[in-house]
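Chains, contacts and geometry: an overview
If you want the building blocks of each chain, they are given just below.
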Amino acid sequence: MGLRRAGFDGNARKEIKALYNLLFKSGLTMTEALAQADQQEWSDAASLLLQAAHHPSRKGIMMA
């Protein structure tokens, strides 16, 4: 719902959801999921999520 409210179109929301599922719900380690995600082409919106996963904050929840 938040992505819709933020103005993302249906295709962008679909790609973000697919990438999220790959990174966090696929059962792969983060390193494996990132390697698999890097082999695909993503929209600009999904690429932002992928960038954040590659460069986690010290205080963030993502771990490479």
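What comes next is a walk through the structure. These numbers were taken from a predicted model, which means no experiment stands behind them.

1. Some remarks on the packing of helix α3 (residues 30-38) against helix α4 (residues 44-54)
Two elements in contact, α3 and α4, have axes whose closest approach is 11 Å; the angle formed by their N-to-C orientations is 145 degrees. In the packing of α3 onto α4, the handedness of the crossing is left-handed. On the side of α3, the interface is formed by L34, A37 and D38, while α4 contributes L50, A53 and H54.

2. Focus: the nonpolar core
In terms of nonpolar packing, the biggest core is built from 15 residues, with L19, L23, L34, A37, W42 and L50 touching the most fellow members. Breaking this core down by element, the ones donating at least two residues are α2 (10-25), α3 and α4. Once you skip the residues sitting within four places of it in the chain, L23 turns out to touch M30, A33, L34, L49 and A53.

3. Focus on the packing of aromatic side chains
Within this structure, the stated rule accounts for one aromatic pair. The interplanar angle of 45 degrees and the centroid separation of 4.9 Å between the aromatic rings of Y20 and F24 together place this pair among those described as tilted. Here the residue Y20 and the residue F24 both occupy positions in helix α2, the gap between them amounting to four residues, near one helical turn.

So, how was this worked out
Residues numbered from 1 in each chain as written. Predicted model: local features only at pLDDT ≥ 70, side-chain atom pairs only at ≥ 80, totals over all residues. Heavy atoms only, no water. Axes fitted to C-alpha atoms, helices over the stretch in contact; angles between N-to-C directions. Helix = DSSP H or I, 4+ residues; strand = E, 2+ residues; numbered from the N terminus. Left-handed = near helix turned anticlockwise from the far one by under 90°. Contact = heavy atoms within 4.5 Å. Core = buried A, V, L, I, M, F, W, Y, C linked by side-chain atoms within 4.5 Å. Buried < 20%, exposed > 50% of the residue type's maximum accessible area, 1.4 Å probe, protein only. Phe/Tyr/Trp six-rings, centres within 6.5 Å; stacked < 30°, edge-to-face > 60°.

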